[in-house]
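Okay, here's what each chain looks like letter by letter:
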Amino acid sequence: MTDTTDDIAEEISFQSFDDDCRLLGSLLNEVLQREVGSNFMEKVERNRILAQSACNMRASGIEDTAELLEKQLISEISQMNLEEALTLARAFSHYLNLMGIAETHHRLRKARNVAHMSKSCDDIFNQLLQGGVPPEELYNTVCKQEVEIVLTAHPTQINRRTLQYKHIRIAHLLDYNDRPNLGHEDREMLIEDLVREITSIWQTDELRRQKPTVVDEARAGLNIVEQSLWRAVPHYLRRVSNALKKHTGKSLPLTCTPIKFGSWMGGDRDGNPNVTAEVTRDVSLLSRWMAIDLYIREVDSLRFELSMNRCSDSLSRLAHEILEKETSSVDRNESRNQPLNRSQLKPYSQLGPTLPRQLPAGADLPSCTECKDGESKYPKLEFPGTDYMPLNRQDGKAASSSDTSFQDSNKDFGKTYGNGTVANSSNSQSAATPRTVSFSSGQLLSQRKLFSESQLGRSSFQKLLEPSLPQRPGIAPYRIVLGNVKDKLMKTQRRLELLLEDLPCEHDPGDYYETADELLEPLLLCHESMQSCGSGVLADGRLADLIRRVATFRMVLMKLDLRQESARHAETLDAITSYLDMGIYSEWDEERKLDFLTRELKGKRPLVPPTIEVVADVKEVLDTFRVAAEIGSDSFGAYVISMASNASDVLAVELLQKDARLAVSGELGRPCSGGTLRVVPLFETVKDLRGAGAVIRKLLSIDWYREHIIKNHNGHQEVMVGYSDSGKDAGRFTAAWELYKAQEDVVAACNEYGIKVTLFHGRGGSIGRGGGPTYLAIQSQPPGSVMGTLRSTEQGEMVQAKFGLPHTAVRQLEIYTTAVLLATMRPPLPPREEKWRNLMEEISKISGQCYRSTVYENPEFLAYFHEATPQAELGFLNIGSRPTRRKSSTGIGHLRAIPWVFAWTQTRFVLPAWLGVGSGLKGVCEKGHKEDLIAMYKEWPFFQSTIDLIEMVLGKADITIAKHYDEVLVSPSRQELGADLRRELLTTGKYVLVVTGHDKLSQNNRSLRRLIESRLPFLNPMNMLQVEILRRLRRDDDNNKLRDALLITINGIAAGMRNTG
């Protein structure tokens, strides 16, 4: 939910914001005049004025006039033909998107112009020192902090990636427009550029015509790294380091990384049959390939920059060793009087690099000491394709450098993935063609031969122009060392390409980088040398930034988590125990399961026979564990078990993991690379949350498991709590309280056994799925639950909103750092007295009963939900690779949380976020506890944040719009249910104001209220148009043009609400 990013509470300059909105709006009008004609534009403007007038009347309390104006608007929309309705939907949708770009731009402008930014490292470090924290303790706590942000492919990003990039370009132009010294001619050119971008947007199809593949989703995550995080991370770490230096006298160590990144894109197989073991393997290798590609670019820039000769003795020795090693390989061939294989020759520039023959991209720019928004300065990354030929046979040139290797945008990465489509590297849309490339053994040998000869003729002409070794007046040691680094990086990249193509790969391990520590070694040596030779100011520039990137992104950019449902592991063990005539595992009681699993875990032999034959689903589970064993923990993060409810769920995964590692190491004749993956139970439903502490206690009471955690995971237990399914299960308020108690219980269980705990928060973007401001969320956790470590998901549209631009990414990373630091060193207050906990229990009980009696127990509710919302049509959006339901049932229980929240957000009812809350607060207030609730709101951070988030949702809900959906779309027999729900919404608003003491909703967030009001003249007509299109579509459900119009209204409303699901 973009509206809940942390800077929303900070006032923005509405004068500048309005100016930009007027500019973008007038330019869109200009484009539309040309594209659709003046007659239709008169209708567009008339609809906008009617909506604006109705909003003004309603804001002034003149309800009757507002109602008349809205009826007139509804009447005019109902008389539109299909083409007009489609065009109006597109126009208003683009208006809302342009307003969103202006909002984001002005938050960035605010951040740049404020001398002292709240929640910054400088601000929070100063607060802590003023509060009595010793500087040394502050320094050590920051250096030991471990926060991991996990990007997921949850299907809530509704905009095509093509449009996202165009929006970024417009944001960049707005930034350029702010320059005070912009001349008249430059400003005219800027306006022309804006017109071109807006025209391009209008002429681009807003809708995805095909579902993205899993690899498409993974590529989108990797693109976030390239376009934003790659530049944001060094800038963020400089901020942390500078603030530490200012307040403690010591800088952040170069290899210290308070924040790292993980991913579920390509690893989350829970309910998604398209995520296979092969896909997971390929996504992991692609991530490594991109990391190497980015490092090659940086090393190229460094080789140009570090031209000095003065260096330490150790670096000088290394440079000479590199030269001697390279020249000796040439001498050996000559001494044997053998013709020199030209593939073994290296251009002299790689033996002892002189000045690079061309400037690397961006060599004229500062070394990332400033973070710039807009387009990536790097060329667009393209992944290797199955039709890759190392040697271009037409011109005889080898594609060898990072600038030319595998960057032909006409070549696709042609692997076929789960849903039968082919991942396309040059377009976010997948091409529905089967994989056509296959290799015979002869072709494999041919490919291999071509690869071995790919150095042939490389740089031979340039070599003639360079001095021979004896004539060199001196050497540039840093360039020699970095040239060797680049050479190994390129060999590493070529090896990954072979692995991706399933071609033979026989590289000497000394020729490529396997771990980040291997890459860091020469870089740190260069840094130490420069520091010792008086070049510290150079060392702390681009070189320091590269070291920090390597320390943060390692060799994979983002470690990939694997996730699977617990029932799939039980099915796998059923197949194994049945094959071994041991019975059916899932029919055993919990104690028998634990005895069996513990006994097998202590053993040294594999459990799964190599001859076992199993069904496809079981084979897929076994194959996934095999891939994890083959690739190892250097590429993978945690193995998350969704719907975990027992200790046996965790031990089952530990056993399957151990068995796969034994089998793979036996085949390789050596131990598997890396360590075992962390196994993380995910507690999602209210029932499972209530039992979470008991499950962890049971696990830690098992000697084998406790010793395993201490030995292999540094005494750290990770536990994940799910916000989406718990909210759908019992309502937002009850879920929030159950999550709070579950975290308390898990922390207490780990403390009893002396085990450290990291809580992994599976938050969605919307408040109905646990979303909200990062700072507020972390600061309201139970005391002791954030002790320097935290993992949290960022999902769907929130990934682009928070990390899509470098400046916003820097701000978000800083907020994560300072919030976790404060929660660690100054934990939030617990409830002041036991009475407050009892009141929370009572509110939660009433709220949960109200929610469940409506959603699960009212036999009319499911039909009402389908009639009153566009839920059934959301699947046509093609915004995710996974199905909208875990199972084929049509009930609410098997509907995923995202479409559940998404559908209610479209109707502006936002029911999942507030249903039941009003009844709970009312019930406690009527028992005489009003003053207690007011005190709880003022003094208990958890209760305050829960109420504030509900108040924010209520500020975006609109009873009039929700009522219109009911009146037009819902059967008369069910309209009373809608009326009851609207009364419950009013009750919730009334009692939230009682608790907060506010006169009106969002009184403490004037910026949010003003921004919402500015969108209504475009948003309200979009909702009315959606109702009309739904009415027509349900009478003509095969009309594809009507469906397109509906999907465009869904896009527009999501843009206006600034969130989806």
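No experiment lies behind these values; they were computed from the predicted model shown.

Right, let's get into the overall build of the protein. From N to C terminus, the protein includes 39 helices and 10 strands. Across the 1061 residues that make up the protein, the buried fraction comes to 61%. Of the accessible surface of the protein, which amounts to about 41200 Å², a share of 50% is contributed by carbon and sulfur atoms.

The next subject is the packing of helix α23 (residues 692–701) against helix α26 (residues 732–752). Between α23 and α26, the least distance of the axes is 8 Å, while the angle of their chain directions is 20°. In terms of orientation, α23 lies roughly parallel with respect to α26. The handedness of the crossing between α23 and α26 is right-handed. Residues A692, G693, A694, I696, R697 and L700 of α23 lie in contact with α26, whose contacting residues are D745, V746, A748, A749, C750 and E752. Taken together, the residues that form the contact of α23 with α26 break down as eight nonpolar, one polar and three charged.

With that settled, the discussion passes to unusual backbone geometry. Although it is not a glycine, D581 adopts a positive phi angle of roughly 60°. Position of D581 relative to the elements: it lies in the loop between α18 (566–579) and α19 (590–602). Its relative accessible area of 71% is what places D581 among the exposed residues. Here R908, not a glycine, exhibits a phi torsion of approximately 65°, which is positive. Secondary-structure assignment places R908 in the loop between α32 (897–906) and α33 (911–914).

Fine structural detail should not be taken from predicted coordinates in areas where pLDDT scores are low. Chain-level statistics for the protein give a pLDDT mean of 83 and a share of 81% at 70 or above. The weakest mean pLDDT in the protein belongs to helix α12 (residues 348–351) at 39; the strongest belongs to α23 at 97. pLDDT under 50 marks residues 336–359. Its contacts with residues more than four places away, or in other chains, come to 53 contacts. Predicted confidence is poor over residues 465–473, with pLDDT under 50, and the contacts of this stretch with residues over four places away or in other chains come to 10 contacts.

Moving residue by residue along a regular strand, the side chains alternate between the two faces of the sheet. Most of strand β6 (residues 636–642) sits inside the fold, with seven of its seven residues counted as buried. The pairing of strand β5 (residues 559–565) with β6 spans five bridges and is classified as parallel. Counterpart to E565 in the pairing with β6 is S642. Bridging between β6 and strand β7 (residues 678–683) involves four bridges; their strand directions are parallel. Considered in β7, the bridge of Y639 is made with V679.

Tracing the chain through its elements places R479 in helix α15 (residues 477–500). Salt bridges are absent for the buried R479, whose nearest opposite-charge side chain, D300, sits at 9.8 Å. One polar contact links the side chain of R479 to the main-chain carbonyl oxygen of F304, over a distance of 2.9 Å.

This part takes up the packing of aromatic side chains. Each aromatic ring pair is described using two quantities: the centre-to-centre distance and the angle formed by the ring planes. Applying the stated criterion across every chain yields a total of 27 aromatic pairs. Centroid distance Y95 to F1018: 4.8 Å. Interplanar angle 25°. Geometry classified as stacked. Of this pair, Y95 sits in helix α4 (residues 82–113) while F1018 sits in helix α38 (residues 1006–1033), placing them 923 residues apart in sequence. By relative accessible area, which is 11% here, F1018 ends up buried. The structure contains a cluster of three or more aromatic residues connected by ring pairs, namely F861, Y864, F865, W900, W904, F909 and W914. The cationic tip of K250 hangs over the ring face of Y139; the distance from NZ or CZ to the ring centre is 4.2 Å. Here the guanidinium or amino end of K593 rests over the ring plane of Y585, the centre of that ring lying 5.2 Å away.

Attention now goes to the sheet that holds strand β10 (residues 789–795). If you walk around this closed barrel you meet the eight strands as β1-β2-β5-β6-β7-β8-β9-β10, and the pairing is parallel. Averaged over all pairs of adjacent strands, the angle between their axes in this sheet comes to 25°, without regard to strand direction. With five bridges joining them, strand β1 (residues 146–152) and strand β2 (residues 259–263) adopt parallel strand pairing. Counted as the bridge partner of L151 is S263 from β2.

Between its first and last C-alpha, helix α35 (residues 941–956) extends 23 Å over 16 residues, near the 22 Å set by a 1.5 Å rise per residue. Taking burial as the measure, the 16 residues of α35 include 13 buried ones, the bulk of the element.

With that settled, the discussion passes to the pairing of β2. Burial of β2 is extensive: four of the five residues sit out of reach of the surface. When β2 meets β5, the two strands line up parallel, connected through two bridges. Bridge assignment links S263 to a residue of β5, and that residue is L560.

How each quantity is defined
Residues numbered from 1 in each chain as written. Predicted model: local features only at pLDDT ≥ 70, side-chain atom pairs only at ≥ 80, totals over all residues. Heavy atoms only, no water. Helix = DSSP H or I, 4+ residues; strand = E, 2+ residues; numbered from the N terminus. Buried < 20%, exposed > 50% of the residue type's maximum accessible area, 1.4 Å probe, protein only. Areas by Shrake-Rupley, 256 points an atom, 1.4 Å probe, with all protein chains shown as cover. Axes fitted to C-alpha atoms, helices over the stretch in contact; angles between N-to-C directions. Parallel < 35°, antiparallel > 145°, perpendicular 65-115°, else oblique. Left-handed = near helix turned anticlockwise from the far one by under 90°. Contact = heavy atoms within 4.5 Å. Nonpolar A, V, L, I, M, F, W, Y, C, P; charged D, E, K, R; others polar. pLDDT = per-residue confidence, 0-100. Pairing = 2+ DSSP bridges. Lys, Arg positive; Asp, Glu negative; His and termini not counted. Salt bridge = Lys/Arg side-chain N within 4 Å of Asp/Glu carboxyl O. Polar contact = N/O pair within 3.5 Å; in protein donor to acceptor, adjacent residues only side chain to side chain. Phe/Tyr/Trp six-rings, centres within 6.5 Å; stacked < 30°, edge-to-face > 60°. Lys NZ or Arg CZ within 6 Å of the ring centre and 35° of its normal. Expected span 1.5 Å × (residues − 1).

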